[in-house]
Amino acid sequence: MTEKASELDKSRLRDIEYNYKTIEENIADAAVKAGKAREDIVFLAATKTVEPAYINHAISCGLKYIGENRVQELLAKYESYDLNNAELHFIGHLQSNKIRQIVGKVELIQSVDSIKLAKEIARQSELKNTTTDILVEVNIGGEESKSGVAPEALEELLYEISNLNGVHVKGLMTIPPICDKKLDICKYFSRMNKLFIDIKGKNMDNVNMEFLSMGMSADYREAILEGANMVRVGSALFGPRIYV
Ligand SMILES: *Cc1c(COP(=O)(O)O)cnc(C)c1O
């Protein structure tokens, strides 16, 4: 974590810069096709396994949002991120007993899928005299192995969360099932967008449907075309992940 610039892989730095520009162009292009402007879409980099020096290089290229998946890793890297120029989110599966460690450190927790988690985030936020913004994660494919609230249970969960002080719902997030065909993934994205619009129309107190977070390296363009205004891109920016 304390590498000097000279010890960094120069070709990887160049790749990141090139990838950043390419993704930016693709997002701008998809935004226009979706009837939006580039500024309407949040480009968040999923930074799991990536060393802070490379993350900060992407930030120096113009990246403004980063997201980590694991509390342990986030805490280990926390002091090294250039958070003067980027906003940190939590996007991974969350356990109640780890919430205390990230409240106050992250701007948005994207992966809340139960009243239990929401209550604990609210409790920890109130202890720190703050309010934490969250997205509710939806299991749009109804997969047993995946986290996220079932679409049928979403509204009820939002009503429960809306009564809590200390948390503020800002939208929805999803990780759809892995699909071989682009057409299949688009079906899930479109279903999510319908849900998003439907909930937005209900104008629930303390619930803002500002962000629809969906789309990753393989399908962020399709996601934007289907209504996403926040995409989470990892490997297309940083290259393949190396787990150690
Ligand atoms: C890793 C990750 C991503 C990005 O995945 P890529 O396919 O590398 O773009 C997006 N969202 C979440 C929640 C992730 O864990």
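Let us look at the structure shown here. (Residues numbered from 1 in each chain as written. Predicted model: local features only at pLDDT ≥ 70, side-chain atom pairs only at ≥ 80, totals over all residues. Heavy atoms only, no water.)

Quick look at the site of the ligand
Here is step 1: Ala46, Lys48, Asn69, Ile91, Ile175, Met216, Ser217, Arg232, Val233, Gly234, Ser235 and Arg241 make up every residue found near the ligand.
Here is step 2: Here an oxygen atom of the ligand and a backbone polar atom of Gly234 are 2.8 Å apart.
Here is step 3: Between the ligand and Ser235 there is a distance of 2.8 Å, counted from an oxygen atom to a backbone nitrogen or oxygen.
Here is step 4: Given that more than half its atoms are within 2 Å of the pocket grid, the ligand belongs to the largest pocket.
Here is step 5: Broken down by class, the residue content of the shell around the ligand amounts to five nonpolar, four polar and three charged. (Near = heavy atom within 4 Å. Polar contact = N/O pair within 3.5 Å; in protein donor to acceptor, adjacent residues only side chain to side chain. 1 Å grid on protein atoms, 1.4 Å probe; cavity = no way out; pocket = protein on both sides within 12 Å on 5 of 7 lines; lining within 4 Å. Sits in = over half its atoms within 2 Å of the grid points. Nonpolar A, V, L, I, M, F, W, Y, C, P; charged D, E, K, R; others polar.)

Section: the pattern of salt bridges
Here is step 1: Under the criterion given, the structure shown has 10 salt bridges.
Here is step 2: For Glu155, the salt bridge is made with Lys202, and the minimal N-O distance between the two is 3.4 Å. Highlighted residues: Glu155 in helix H6 (residues 154-162) and Lys202 in the loop between helix H7 (182-201) and strand S7 (207-213), separated in sequence by 47 residues.
Here is step 3: Of the residues examined, Glu155 reaches a relative accessible area of 29% and is grouped as partly exposed.
Here is step 4: When its relative accessible area of 34% is taken as the criterion, Lys202 is described as partly exposed.
Here is step 5: Through salt bridges with shared partners, a single network forms among Glu68, Glu73 and Lys77. (Salt bridge = Lys/Arg side-chain N within 4 Å of Asp/Glu carboxyl O. Helix = DSSP H or I, 4+ residues; strand = E, 2+ residues; numbered from the N terminus. Buried < 20%, exposed > 50% of the residue type's maximum accessible area, 1.4 Å probe, protein only.)

Comments concerning the state of the cysteines
Note: disulfide means a covalent bond formed between the sulfur atoms of two cysteine side chains.
Here is step 1: Applying the stated rule across the entire model yields zero disulfides.
Here is step 2: Cys186 forms no disulfide, and the closest cysteine sulfur to it belongs to Cys179, at a distance of 9.1 Å.
Here is step 3: A residue is classified by how much of its surface remains accessible, and Cys186, at 15% relative accessible area, is buried. (Disulfide = S-S within 2.5 Å.)

Details of the packing of aromatic side chains
Here is step 1: For the structure shown, the criterion picks out one aromatic pair.
Here is step 2: Between Tyr20 and Phe43, the aromatic rings sit 5.6 Å apart at their centres with planes inclined by 15°, giving stacked as the arrangement. Here Tyr20 is found in helix H1 (residues 10-33), whereas its partner Phe43 is found in strand S1 (residues 42-46), with 23 residues between them in sequence. Residues Tyr20 and Phe43 agree in their burial class; the two are buried.
Here is step 3: Its guanidinium or amino end placed over the ring of Tyr54, Arg12 lies 4.4 Å from that ring's centre, counting from NZ or CZ.
Here is step 4: Directly above the ring of Tyr220 sits Arg221, whose terminal nitrogen or CZ lies 5.2 Å from the centroid. (Phe/Tyr/Trp six-rings, centres within 6.5 Å; stacked < 30°, edge-to-face > 60°. Lys NZ or Arg CZ within 6 Å of the ring centre and 35° of its normal.)

Overview of the side chain of Asp113
Here is step 1: Position of Asp113 among the secondary structure elements: in the loop between strand S4 (108-112) and helix H5 (115-127).
Here is step 2: A distance of 2.9 Å separates a polar atom in the side chain of Asp113 from the backbone nitrogen of Gly148.
Here is step 3: Setting aside chain neighbours within four positions, we find Asp113 in contact with Glu137, Ser147, Gly148, Val149 and Leu157. (Contact = heavy atoms within 4.5 Å.)

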